[in-house]
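Summary of structural features
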Amino acid sequence: MNGVMNHDPAERRDGRGPGVETIAVAYLTAAGGDAGLALRRAIADALADLGEAERRTRQRDRLISRGYVRAGPIGRG
């Protein structure tokens, strides 16, 4: 790969939420124009969201595992 993206990441294509430009402007505005602070806050929020997603995945996996243990093998009667 040449490192060049083949699409414009500025706005989301699926329309489900704000795009990169919208989010970047919001962080920059909230940081009073301090780009470094805005970047650190965005990274901190992204890491927090990633941690929460990982926690939910582990929780879901535990629930699925318990369901298999409780139900036992399918097809044996």
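Treat the numbers as computed from the prediction; the structure is a model and nothing was measured.

Here's the deal with the overall build of the protein
Broken down by element type, the protein carries two helices and zero strands. Taking all 77 residues of the protein together, the buried fraction comes to 5%. Surface summary for the protein: the accessible area is close to 6,800 Å², and the carbon and sulfur share equals 58%.

Some thoughts on the pattern of salt bridges
Across all of its chains, the model carries three salt bridges by this definition. In this structure, Arg60 and Asp61 form a salt bridge, with 3.3 Å as the shortest nitrogen-oxygen distance. Through salt bridges with shared partners, one network takes in Glu52, Arg55 and Arg56.

Here's the deal with the confidence of the model for the protein
Taken over all residues, the pLDDT of the protein has a mean of 81, while the share at 70 or more is 66%. Low confidence marks residues 1-7, where pLDDT is under 50. Its contacts with residues over four positions away, or in another chain, come to one contact.

What counts and what doesn't
Residues numbered from 1 in each chain as written. Predicted model: local features only at pLDDT ≥ 70, side-chain atom pairs only at ≥ 80, totals over all residues. Heavy atoms only, no water. Helix = DSSP H or I, 4+ residues; strand = E, 2+ residues; numbered from the N terminus. Buried < 20%, exposed > 50% of the residue type's maximum accessible area, 1.4 Å probe, protein only. Areas by Shrake-Rupley, 256 points an atom, 1.4 Å probe, with all protein chains shown as cover. Salt bridge = Lys/Arg side-chain N within 4 Å of Asp/Glu carboxyl O. pLDDT = per-residue confidence, 0-100. Contact = heavy atoms within 4.5 Å.

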